[in-house]
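Single-letter residue listing:
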Amino acid sequence: MPVREVTVRTALTRSRLFDYCVNPYAGCANACVYCYARFATRHPGEEWGSYVDVRSNIAAVLQRDLARAHSGSVYMSSVCDAWQSPEAVYGVSRQCLGLLLESGMPLFLQTKNALVERDFDLLAGRANVRLGVTVTTTDVAVAHLFEPGASSPLERLRVLSVARTLGLRTFVFLGPLLPGISDRGEGLQRLMTSVADVMPDALFVDRLNRRAGMWPAVTRAVCALDPALLSEYRKVLFSADQPEYESALRQRVGEAASACGLLERIEWCF
């Protein structure tokens, strides 16, 4: 995978989700087929998930930005995974994390990679930090097709379990729930049971949403798993039945969460 070093002029940017966001990388080695962030970084002739840009000067720029910024919450990261595999070499996310912790700003950290455990020495006991992992399924084979560069789902949840012992507030982002795989039946039940084992403080739930440029990648992953599922994905993404699907999905998720003692922790994202 091509990994390029680039420079930036801004590190702390305004966000619609939180007051600010920080993205130490552009592009993402997780290569999730459903990723919405593919719009943010384009390399002509290169497919999303096949390249990463390391923002090599971001820590120095962030230090300057923090000195000028108003107090507010910070999300790391909105269009990349700050702990994706190149981070083990470049360490720019750890540098940024140290600066953000020094600032005292509330932090919302989200990842699909167990590498975040490396930084628990910085995070332990931080009351103003929320750490979460994204999990779409507990099926390792499915996860490898849909998010091939990420840590295994149960490894992500294990890291979250460790985080709780260090006094961190935790969350799990179940999104997107995969149609015909983890949005119903045994797949959904196994997912909820696994989440209940680590009992996060919050559980965010989202459906699969249509994003520009994702359909070819989703099609390949679904067909590699089970071509018979493709019609289900086409319906979920392109049909006019969205309100009906969302209502039924909420019902199914609510029932599965209730059975595991998680219903009161859910925050819906659709």
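Anything mentioned here points back to the structure above.
Residues numbered from 1 in each chain as written. Predicted model: local features only at pLDDT ≥ 70, side-chain atom pairs only at ≥ 80, totals over all residues. Heavy atoms only, no water.

## Topic: the overall build of the protein
At step 1: Of the regular secondary structure elements, the protein holds ten helices and eleven strands.
At step 2: The globule rule puts the C-alpha radius of gyration for 270 residues at 18 Å, and the 18 Å found for the protein is close to it.
At step 3: Its C-alpha atoms give the protein principal-axis dimensions of roughly 50 × 45 × 30 Å.
At step 4: Relative to its full complement of 270 residues, the protein shows a buried share of 54%.
At step 5: Within the protein, contacts between residues at least 6 apart in sequence are counted, and of these 77% link residues at least 24 apart. (Helix = DSSP H or I, 4+ residues; strand = E, 2+ residues; numbered from the N terminus. Rg over C-alpha atoms; globule rule 2.2 N^0.38 Å. Buried < 20%, exposed > 50% of the residue type's maximum accessible area, 1.4 Å probe, protein only. Contact = heavy atoms within 4.5 Å.)

## Some words on the packing of aromatic side chains
Each aromatic ring pair is characterised by the separation of its centres together with the angle its planes make.
At step 1: Applying the stated criterion to the full structure yields ten aromatic pairs.
At step 2: Ring centres 5.3 Å apart and planes at 40° place the aromatic pair phenylalanine 18 and tyrosine 75 in the tilted group. Of the two residues, phenylalanine 18 is situated in the loop between strand S2 (13–14) and strand S3 (20–21) and tyrosine 75 in strand S6 (residues 74–76); the sequence distance between them amounts to 57 residues.
At step 3: With relative accessibility at 22%, the residue phenylalanine 18 sits in the partly exposed group.
At step 4: Using a relative accessible area of 6% as the deciding quantity, one classes tyrosine 75 as buried. (Phe/Tyr/Trp six-rings, centres within 6.5 Å; stacked < 30°, edge-to-face > 60°.)

## Regarding the pattern of salt bridges
At step 1: Counted according to the given criterion, the structure contains 17 salt bridges.
At step 2: Between aspartate 119 and arginine 94 there is a salt bridge, with the nearest N and O atoms lying 2.7 Å from each other. Remark: arginine 94 occurs in helix H3 (residues 92–103) and aspartate 119 occurs in the loop between strand S7 (107–111) and helix H4 (120–123); sequence separation between them is 25 residues.
At step 3: We classify aspartate 119 as buried; its relative accessible area is 0%. (Salt bridge = Lys/Arg side-chain N within 4 Å of Asp/Glu carboxyl O.)

## Here's the deal with the nonpolar core
At step 1: Within the largest apolar cluster, 62 residues are counted, with the highest numbers of intra-cluster contacts made by Val22, Leu62, Leu109, Val172, Leu174, Met192 and Leu203.
At step 2: Look past the residues within four positions of valine 22 in its chain and what remains in contact with it is Ala11, Leu12, Ile58, Leu62, Val74, Tyr75, Met76, Ser77, Cys96 and Leu100.
At step 3: In terms of nonpolar packing, the next biggest core, distinct from the first, is built from 23 residues, Cys32, Val33, Trp48 and Ala221 among them. (Core = buried A, V, L, I, M, F, W, Y, C linked by side-chain atoms within 4.5 Å.)

## Remarks on the state of the cysteines
Covalent bonding between the sulfur atoms of two cysteines defines a disulfide.
At step 1: A complete count under the given rule lists zero disulfides for this structure.
At step 2: Here cysteine 260 is not cross-linked by a disulfide; its sulfur's nearest cysteine counterpart is in cysteine 269, at 19 Å.
At step 3: Here cysteine 260 falls in the buried class, since its relative accessible area comes to 16%.
At step 4: Unpaired in this structure, cysteine 269 has its nearest cysteine sulfur neighbour in cysteine 35, at a distance of 15 Å.
At step 5: Of the residues examined, cysteine 269 reaches a relative accessible area of 36% and is grouped as partly exposed. (Disulfide = S-S within 2.5 Å.)

## Notes on the pairing of strand S5 (residues 52–55)
At step 1: Inspection of the sheet shows strand S1 (residues 3–6) paired to S5 by four bridges, in the parallel sense. The residue bridging glutamate 5 from the neighbouring strand is valine 54, located in S5. (Pairing = 2+ DSSP bridges.)

## Looking at the environment of leucine 191
At step 1: If you trace the backbone, leucine 191 turns up in helix H7 (residues 185–198).
At step 2: Through-space distance from the C-alpha of leucine 191 to that of proline 2 is 34 Å; in sequence the pair is 189 residues apart.
At step 3: Apart from the residues lying within four places of it in its own chain, the contact partners of leucine 191 are Val135, Thr136, Thr137, Thr138, Leu174, Leu177 and Ser182.

## A word on the sheet that holds S3
At step 1: Ordered in space as S2-S3-S6-S7-S8-S9-S10-S11, the eight strands form an open sheet in which the pairing is mixed. Strands with a single pairing partner mark the edges of an open sheet, and in this sheet they are S2 and strand S11 (266–268).
At step 2: Relative to the sheet, helix H10 (residues 242–259) contacts strand S10 (202–205) and S11, its axis offset from that of S11 by approximately 170°. (Axes fitted to C-alpha atoms, helices over the stretch in contact; angles between N-to-C directions.)

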